[in-house]
Amino acid sequence: MVYRKTAAISMSVVMCMLVMAGCSTSKDAGQTGAEKTATATSGSEGETKALKDLKITRLYHGVMEQFKGSDTMNNNKIINKLRENSGFNIQYESLPNENPSQKTSIIFASGDVPDLIMVNGKSDYFKLAKQGALEPLDDLIAKQIPNLSTMASKETLDALRYEGKVYAIPYRNALKVGNGLIERADILKELNLNAPTTIDEFYSTMKTIKEKKNITPLTMATSSAGSFFDGFFPFSAAFGVSTPTVVKDGKLKFSWVQPEYKEFVTTLKKWYDEGLLDPEFAVNKDSKDKLINGTAVFNTLYFSSGIDVDKALQEKKNGGSVQFIAPPVGKNGQSGIQDASISTQYVVIPKQAKNKLGAAQYLNFLYKPETDILINYGIKGEDYTEANGVYTQTKEQSDKISWRSMYGLGDTDFGIDARLKAKSLLPYYEPQLKFKKSREETNFAPSIEAYDTKFTELRNYVEENSMKFIMGKRDLSEFDKFTQEFDAKGGKTAIDALNEWFTKK
């Protein structure tokens, strides 16, 4: 989540993604490139021919700032190749970085809509579906987008049904790993210690480090909203309460008011009281420096931060090194890291779009393996080489066309591998793929107002009080009172509304 309710998860994760694949047919075999007009084998609402012009509005992506020289969003070698290969005269536009939902509402209200548009978040999508602003996609998917099977599972599509129909395609996030537990491997080696594998081992290892090095072993940066859960995820998972909800007796329950959550917080308080947990964890904005300086041994970091710490240690030339390790296992065998692959953005076709058929055919083209290669590597011979299925691209080649990823409307494993490889991040990403991912059931729920509108407030309330419990600013004897307060703030109403969906699915 993912823990911050998908939208907040967020922006840190959006940095690393995008991709695609598909096909189109041509009006005349003698025509090529932008001269082609794609035709359909079967129409939609009487439509028999896709229009050549296709307007696409996507969410803002940071790579849009990286065009150089004469290259622009709609004039560069990648988009020109996409036009040539697809037969569509595509034009991309971007929603603003700030408050894209407001701009989306204005676009739909104006009636001057694109043929494809990305929507930010489940609530925005379901609001548009309820308003009748979106084209139902079931028929188009079946007839025009066969390549979608590589991008979206039945479960993810079913989660987007409104009154039995699908009105969006989830923007697939192929990135599977977010935050992970990292250690200063050289310090453990110095003390003849192995990476701890259980919560009990983690405690005893930290005790040994504290005694022999006189440092606080575990640091964390949890000063921003949602970061408490992101940071302590590997530990809460050992208690079975790493996700907002858990399934008990066939029903969803908020994990934050369960006895296991109290046990988790009690454990952190013990670590805090014994000087094993950084006393500044609640105010730290960044805790990498403590790992680099050797004043901490364990931390939870986003996987791409591993290379930053490694580079800093190499500059110190003191033999320091870090590695991501498996999350500790609890007494009931539970463990896990965040599942970063949940879709939080959606691709829709507006009801008033002029080129619905073309939009579907272009999506199918994007979801084609050959297009995937173009979007993630560029043009063969110029931007990469390929031999026996192995693609080689230097960092310099990748950086020259770093903006290429913005043209995808979904992501693939091939694409993630290409971009992480170019940035030398695979050694920090791949080892974590084998670790268990914690599943949050509400990621597959429709928009439920009583839950969606209260989630952030409830999460922030739990974070605030969890830190108070850990630091002794609120006594754990008040945990039952805390759960009552949680229910009164909308927790009970929210979970009851969720179960109306969950018990019937």
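Residues numbered from 1 in each chain as written. Predicted model: local features only at pLDDT ≥ 70, side-chain atom pairs only at ≥ 80, totals over all residues. Heavy atoms only, no water.

The protein has the name Extracellular solute-binding protein in an unreviewed UniProt entry, where Paenibacillus plantarum is given as its organism.

**Student:** Break down the sheet that holds strand S4 (residues 116–120) for me, with residues and values.
**Tutor:** One open sheet holds the 5 strands; their spatial order is S3-S2-S4-S13-S7, and the pairing between them is mixed. Of all strands in the sheet, those with a lone pairing partner are strand S3 (89–94) and strand S7 (169–170), marking the two edges. By the bridge criterion, 4 bridges tie S4 to strand S13 (residues 345–348) in an arrangement that is antiparallel. Note that in S13 the partner of valine 119 across the bridge is tyrosine 346. (Pairing = 2+ DSSP bridges. Helix = DSSP H or I, 4+ residues; strand = E, 2+ residues; numbered from the N terminus.)

**Student:** Which residues make up the sheet that holds strand S12 (residues 322–325), and what values do they have?
**Tutor:** Spatially, the 3 strands line up as an open sheet ordered S11-S8-S12, and their pairing is antiparallel. With partners counted over all chains shown, the strands left at the sheet margins are strand S11 (298–302) and S12, one partner each. Across the sheet, the mean angle separating the axes of adjacent strands is 45 degrees when strand polarity is ignored. Here 5 bridges tie strand S8 (residues 179–184) to S11, and the two strands are oriented antiparallel to one another. Note on S11: the bridge partner recorded for glutamate 183 is phenylalanine 298. Of the strands in this sheet, S8, S11 and S12 touch helix H12 (residues 305–316), which is tilted by about 155 degrees from S12. (Axes fitted to C-alpha atoms, helices over the stretch in contact; angles between N-to-C directions. Contact = heavy atoms within 4.5 Å.)

**Student:** Account for the packing of aromatic side chains, naming residues and giving values.
**Tutor:** Enumeration according to the criterion identifies 36 aromatic pairs in this entry. Summarising the aromatic geometry, the rings of tyrosine 377 and tyrosine 384 are spaced 5.5 Å apart at their centres and angled 50 degrees between planes, so their arrangement reads as tilted. With respect to class, tyrosine 377 is no different from tyrosine 384; both count as buried. (Phe/Tyr/Trp six-rings, centres within 6.5 Å; stacked < 30°, edge-to-face > 60°. Buried < 20%, exposed > 50% of the residue type's maximum accessible area, 1.4 Å probe, protein only.)

**Student:** Tell me about the pattern of salt bridges, residues and numbers included.
**Tutor:** Per the counting criterion, the structure on display carries 31 salt bridges. Here lysine 77 and aspartate 383 are joined by a salt bridge, their closest N and O atoms 2.8 Å apart. One end of the pair, lysine 77, is in helix H2 (residues 77–86); the other, aspartate 383, is in the loop between helix H14 (369–377) and strand S14 (385–387), with 306 residues separating them in the sequence. A cluster of three or more residues bridged by salt bridges with shared partners is formed by Asp138, Lys154, Asp158 and Arg161. (Salt bridge = Lys/Arg side-chain N within 4 Å of Asp/Glu carboxyl O.)

**Student:** Please give an account of the nonpolar core that cites residues and values.
**Tutor:** Membership of the largest hydrophobic core comes to 64 residues, with the highest contact counts inside it found for Tyr92, Tyr125, Tyr362 and Tyr407. Of all the elements, helix H13 (residues 356–366) adds the most residues to this core, at 7 residues. With residues up to four places along the chain from it excluded, the contact list for tyrosine 362 reads Leu54, Ile56, Leu82, Ser86, Phe88, Ile90, Tyr92 and Leu116. Counting residues in hydrophobic clusters, the runner-up holds 53 residues, among them Met206, Met220, Leu252 and Val462. (Core = buried A, V, L, I, M, F, W, Y, C linked by side-chain atoms within 4.5 Å.)

**Student:** An account of unusual backbone geometry is needed here, citing residue identities and associated values.
**Tutor:** Here the phi dihedral of asparagine 99 falls at roughly 50 degrees; this positive angle occurs in a residue that is not glycine. With respect to the helices, strands and loops of the structure, asparagine 99 is situated in the loop between S3 and helix H3 (100–110). The phi dihedral of serine 424 is positive, around 60 degrees, even though this residue is not glycine. Secondary-structure assignment places serine 424 in the loop between helix H16 (413–422) and helix H17 (426–429).

**Student:** A description of empty space enclosed by the protein should follow, citing residues and the corresponding values.
**Tutor:** What the second largest cavity holds in volume is close to 40 Å³. Surrounding the second largest cavity, Ser101, Thr104, Ser105, Asp124, Lys127 and Leu128 form its lining. Broken down by secondary-structure element, the contributors of at least two residues to the lining of the second largest cavity are H3 and helix H4 (122–130). Here the residues of the lining of the second largest cavity are counted per class, giving 1 nonpolar, 3 polar and 2 charged. (1 Å grid on protein atoms, 1.4 Å probe; cavity = no way out; pocket = protein on both sides within 12 Å on 5 of 7 lines; lining within 4 Å. Points joined across faces, edges and corners; volume = space filled by probe spheres on them. Nonpolar A, V, L, I, M, F, W, Y, C, P; charged D, E, K, R; others polar.)

**Student:** Break down the side chain of threonine 104 for me, with residues and values.
**Tutor:** Tracing the backbone shows threonine 104 in helix H3. If sequence neighbours within four positions are ignored, threonine 104 has contacts with Leu95, Ile117 and Leu128.

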